[in-house]
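Next come the chains, spelled out residue by residue.
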Amino acid sequence: TPSGATPSSAAASDAQGGLVEKSSVQLRTLMRTSDDEATRRAAWEGLRSIGPFVLGNGLCEMVKLRNTLAKKLGYEDFYDYKVTQA
C-alpha cells in the first residue's frame with residue numbers, strides 16, 4: 001500500500017493516472033462501475049495489496065491476544081465478548 005494507507009485501504013489510479021487512497025468498499029465499487037480498464041485494474045491491484053499488508057503487520061497476533069483476553073474474562077472468544085457487551 002502507499003505510504004500512509006490504512007490497513008483497510010489501498011490505492012487506485014485517478015483520472016490523471018495518479019494514485020489515490022480508497023477503502024476496500026470504494027475499490028470494489030470502482031471495479032464494478034468504472035468504464036476505464038486501467039482504473040478497474042488499479043482497483044483490483046489495490047484490493048490484492050490489502051491482505052498481505054494486514055497479515056504482515058500483526059493481525060493474526062492481535063486476534064490471538066484479544067481471544068486470550070476474552071477467555072480470561074470468561075467468554076468463549078472475542079466475538080462472544082463483543083456481542084455480549086452490545
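What you see is a predicted model; the values in this text were computed from it and never measured.

Comments concerning a nonpolar patch on the surface
Consideration 1: Taken together, Leu55, Leu59, Met62 and Val63 make up a surface patch of nonpolar side chains, about 310 Å² in accessible area.
Consideration 2: Looking at the secondary structure, you find leucine 55 in helix H2 (residues 37-55).
Consideration 3: Relative accessible area serves as the criterion here: at 52%, leucine 55 is assigned to the exposed category.

A short note on the packing of helix H1 (residues 24-33) against H2
Consideration 1: Look at H1 against H2: their axes get within 8 Å of each other, and the N-to-C directions meet at 145 degrees. Helix-helix and strand crossings are classified by hand; for H1 and H2 the assignment is left-handed. Mapping the contact onto sequence places Ser24, Leu27, Arg28, Leu30 and Met31 in H1 and Thr39, Arg40, Ala43, Trp44, Gly46, Leu47 and Ile50 in H2.
Consideration 2: The class makeup of the residues in the contact of H1 with H2 is 7 nonpolar, 3 polar and 2 charged.

Digging into the confidence of the model for the protein chain
Consideration 1: Averaged over all residues, the pLDDT of the protein chain equals 85, while 80% of them reach at least 70.
Consideration 2: Mean pLDDT across the secondary structure elements of the protein chain bottoms out at strand S1 (residues 9-13), with 59, and peaks at helix H3 (residues 59-72), with 96.
Consideration 3: Here residues 1-5 scores under 50 on pLDDT; set against residues more than four positions off or in separate chains, the count is 9 contacts.

Rules used throughout
- Residues numbered from 1 in each chain as written.
- Predicted model: local features only at pLDDT ≥ 70, side-chain atom pairs only at ≥ 80, totals over all residues.
- Heavy atoms only, no water.
- Patch = residues over 30% accessible without salt bridge, like charges linked within 9 Å, V, L, I, M, F, W, Y side chains within 5 Å.
- Areas by Shrake-Rupley, 256 points an atom, 1.4 Å probe, with all protein chains shown as cover.
- Salt bridge = Lys/Arg side-chain N within 4 Å of Asp/Glu carboxyl O.
- Helix = DSSP H or I, 4+ residues; strand = E, 2+ residues; numbered from the N terminus.
- Buried < 20%, exposed > 50% of the residue type's maximum accessible area, 1.4 Å probe, protein only.
- Axes fitted to C-alpha atoms, helices over the stretch in contact; angles between N-to-C directions.
- Left-handed = near helix turned anticlockwise from the far one by under 90°.
- Contact = heavy atoms within 4.5 Å.
- Nonpolar A, V, L, I, M, F, W, Y, C, P; charged D, E, K, R; others polar.
- pLDDT = per-residue confidence, 0-100.

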